[in-house]
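Each chain, letter by letter, is given below.
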Amino acid sequence: MKFGLFYELQLPRPLDEDTWDPNAEQQLFEEMFEQVQLADELGYHYVFFVEHHFLEEYAHSTAPEVMLGGLARTTKNIRLGHGVVQMPPLVNHPARVAERVSSLDIISGGRVEFGTGEGASDAELGGYNVERSLKKSMWEEGTRECLRMMSETPYPGHEGEHFSMPERNVIPKPLQAPHPPVWVAASRRETTLLAARFGIGSMGFGFETPEETAVRVEEYYRLIREECFPIGKAINPGLFVLNQFMAAETDEEAVRRSADGPGFFSYSLGYYSTTRGTSRTRSGERMIDAHQAGVTNIHQAFNALPQEQKDGRLQLSDAKLMTAQQISENEPENEMERALYRAARSGSAIGTTDSIRENIKRYEDAHTDIMVFNAQCGARKHEHIMEAIERFGKDVLPEFAERHETEHKPWRERQLDGVPYEINSSI
Amino acid sequence: MARYDDVQDDGVRALLEQATSEMRGGDPSAAVRACCDAFALLMDQHEGLFEENLPADEKIHHQQFPRFGVRLESVEGQPHFEFDREQFSMGEAITYLDFTTDTALKRQA
């Protein structure tokens, strides 16, 4: 199993003021550069940046190509991932995406992972006038044509449902031929199946358990072998799972340093996933009814919750906290609700390095290709994130990286035996 | 072995096979229509399936018959597929195919 870091670039508003310090975003970005620099030096394999728009506090990574461009020149080996580019042409014209991704691939020496997605919340889809019922079709058309632009000289032009353009040679071409490895955001099982059928990697954002991952991996690779209609010129078979992450000297200290990070991550994601003007009851709290852009302080609302809700623990009727098993038994049935529930409670990579090693071994046993850590979230401290990256990178990562070469790669080659398509993958 | 091979009902399985064949032949729109026919058969066979898939609370729509250009509606109490458009993408066809296949497999379990 390989490892990476994942960035939303969360920036909770101050609790005692309604707006950020003028330098808060600059500080956040500078700290991120330090964290990724350290991860690169320690041998982490990937870093991924989301592209979200207008989701204040939850995600200030609105221009990932800029962050990745900076990292292309300050890091040496770590692969630079879009996690993801929003592909509806109303958000990003496919030719502009091809130009940016190819340029990034060149200046990074061929280190780009091209994650793609549809966009999710009404806040961002509505901001670009993307109709929800068309977003899947827009993603597909934008992605398919973008990959052709990277790999065909000249691009012959396109008359489509969602965009049209005349024949042009889209330049530059990427260093990785025919194009960088392609991924799609998959919060739900359904999209993992779609990824397999299109021959692209599945970025699992649903906080799946090892047991669920094992089933999904088996299903995914079977579809790659038997029912694949590649969307690009080369396929990128692979699955990653996202996990909340904090490592420290003791389990208790890791939980303390993890603070409300996963809770805020889940709360703010759920907040923006709620259609404006509606409310949703989740784990006992009621979501805010009406968001005021530039005004609403989500962090304050989150902070007003009882502690057991903020850190993901649920209160039992007899005022005791739930055990891990009880938390598991109380999971919502709805897949999206369950992802939010788990985002606040996922603790398999929070603890000492010994605890983390034991927990994530189960994902390795499930043949997971990549585990990506959500380290920067909520109001966590930079120095704690740096220490966690260092502890894991020195104590745990090397042995998993070694087994990736000696055990996982041969297993994966067997899964892909007989697949007739060209493969371009960094796994 | 395709996913639909595990579907026991001959009629539903044949329609899912047809949908897959249409996709392979480059006609995802025909595949979506075959999936709707398969889902109609499933609703005939399984009481309550129609009602479970009528638009309801926004938070459970991910578990319902997909709404990517076709909407399952009730017309005088009967299932009706309302097509918002004629053309569908491959990704949309895959989504309808997997949802219908999953429904068939779950209902027979």
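My aim in this report is to walk through the structure given alongside it, one point at a time. Throughout this document, residue positions are counted from 1 along each chain, in the order its sequence is written. Both sets of labels track the order of writing: A upward for chains, 1 upward for ligands. For a predicted model such as this one, the threshold for reporting local features is a pLDDT of at least 70, and the threshold for listing and counting side-chain atom pairs is 80 or more; totals across whole chains, interfaces and linings nevertheless cover every residue. In computing side-chain properties, one takes all heavy atoms of the structure into account and sets aside hydrogens as well as water.

### A word on the overall build of chain B
At step 1: Each helix corresponds to a stretch of at least 4 residues labelled H or I by DSSP, and each strand to a stretch of at least 2 residues labelled E; elements are numbered beginning at the N terminus. Of the regular secondary structure elements, chain B holds 4 helices and 2 strands.
At step 2: Each helix (α) and strand (β) of chain B, taken in turn from the N terminus, gives the series α-α-α-β-β-α.
At step 3: Computation of the radius of gyration draws on C-alpha atoms, with the globule rule given as 2.2 Å multiplied by the number of residues to the power 0.38. Taking 13 Å as the expected radius of gyration for a compact globule of 109 residues, we find that chain B reaches 13 Å, a close match to that expectation.
At step 4: Along the first, second and third principal axes, the C-alpha set of chain B runs to 35 × 30 × 25 Å.
At step 5: Put simply, chain B has 109 residues, and 48% of those count as buried.
At step 6: Contact criterion: two residues are considered in contact whenever any of their non-hydrogen atoms come within 4.5 Å of each other. Sequence-distant contacts, at least 24 apart, represent 58% of the contacts inside chain B between residues at least 6 apart.
At step 7: For chain B, the accessible surface area stands at approximately 5,200 Å², while carbon and sulfur atoms represent 46% of it.
At step 8: We treat Lys and Arg as the positive residues and Asp and Glu as the negative residues; His and chain ends play no part in the count. To locate a charge, take NZ of a lysine, CZ of an arginine, CG of an aspartate or CD of a glutamate. For chain B, the distance from the average site of its 10 positive side-chain charges to the average site of its 22 negative ones is 5 Å. Whether a residue is buried, partly exposed or exposed follows from its accessible area with a 1.4 Å probe, protein chains only, as a fraction of its type maximum: under 20%, in between, or over 50%, in that order. All accessible-area figures derive from a Shrake-Rupley calculation using a 1.4 Å probe, and residue coverage is judged against the displayed protein chains alone.

### Considerations on helix α16 (residues 397-415) of chain A
Residues and elements named next belong to chain A.
At step 1: At H404, α16 shows its maximal bend, which comes to roughly 45°.
At step 2: Taken together, the buried positions of α16 are L397, F400, A401, R403, H404, H408, W411, R412 and Q415.
At step 3: Turning to α16, the residues buried within the fold contact β1 (2-7), α1 (24-42), α7 (210-226), α14 (353-365) and α15 (382-395). Working definition for bend: take the seven residues up to and ending at a residue and the seven starting at it, fit an axis to each, and measure the angle between the axes.

### Describing the interface of chain B and chain A
At step 1: Counting residues at the interface gives 24 residues for chain B and 30 residues for chain A.
At step 2: What gets called buried area is simply the loss in accessible area from a 1.4 Å probe that two parts show on being joined, summed for both. Between chain B and chain A lies a buried interface of about 2,300 Å² when both sides are counted; carbon and sulfur atoms form 51% of it.
At step 3: Counted as salt bridges are all cases of a side-chain nitrogen of Lys or Arg within 4 Å of a carboxyl oxygen of Asp or Glu. Summed over the shared surface of chain B and chain A, the number is 3 salt bridges.
At step 4: As a salt-bridge pair, E219 of chain A and R3 of chain B come within 3.7 Å of each other at their nearest N and O atoms.
At step 5: Polar contact is the term for a pair of N or O atoms within 3.5 Å; when the atoms are in protein, one must be able to donate a hydrogen and the other to accept it, and sequence-neighboring residues count only if both atoms are side-chain atoms. In this assembly, chain B and chain A are joined by 8 residue pairs in polar contact (both at pLDDT 80 or more).
At step 6: Within the residue set of the side of chain B that touches chain A, elements represented by two or more residues are α1 (10-24) and α4 (90-108) of chain B.
At step 7: The dominant element in the side of chain B that touches chain A, judged by the number of residues it contributes, is α4 of chain B, at 8 residues.
At step 8: Broken down by class, the residue content of the side of chain B that touches chain A amounts to 8 nonpolar, 7 polar and 9 charged. Classification used: nonpolar for Ala, Val, Leu, Ile, Met, Phe, Trp, Tyr, Cys and Pro, charged for Asp, Glu, Lys and Arg, polar for all others including Gly.

### A look at the packing of α14 of chain A against α15 of chain A
For any two helices packed against each other, the geometry is given by the interaxial angle and the distance between the axes.
Residues and elements named next belong to chain A.
At step 1: With axes taken as lines fitted to C-alpha atoms, and helix axes fitted only over the stretch in contact, angles between N-to-C directions fall between 0 and 180 degrees. With their axes 10 Å apart at the nearest point, α14 and α15 run at an angle of 65° to one another. Relative to α15, α14 is oriented so that their crossing is right-handed. Where α14 abuts α15, its residues T353, I356, R357 and I360 lie against R391, F392 and D395.
At step 2: Classifying every residue of the contact of α14 with α15 gives 3 nonpolar, 1 polar and 3 charged. Working rule for handedness: look at the near helix, and if it is turned counterclockwise from the far one by less than a right angle, call the crossing left-handed; if clockwise, right-handed.

### Looking at the pattern of salt bridges
Residue and element names in this part refer to chain A.
At step 1: Counted under the stated rule, the structure contains 39 salt bridges over all chains.
At step 2: In this structure, E113 engages R79 in a salt bridge whose closest nitrogen and oxygen atoms are separated by 2.4 Å. Taken together, the residues E113 in strand β4 (residues 112-117) and R79 in strand β3 (residues 79-86) connect sequence positions 34 residues apart.
At step 3: A relative accessible area of 0% means that E113 is categorised as buried.
At step 4: Taking the relative accessible area as the measure of exposure, R79 reaches 14% and is therefore buried.
At step 5: The partner of R257 in a salt bridge is E387, and the shortest N-O contact between them spans 2.9 Å. One end of the pair, R257, is in helix α8 (residues 251-258); the other, E387, is in helix α15, and 130 residues separate them in sequence.

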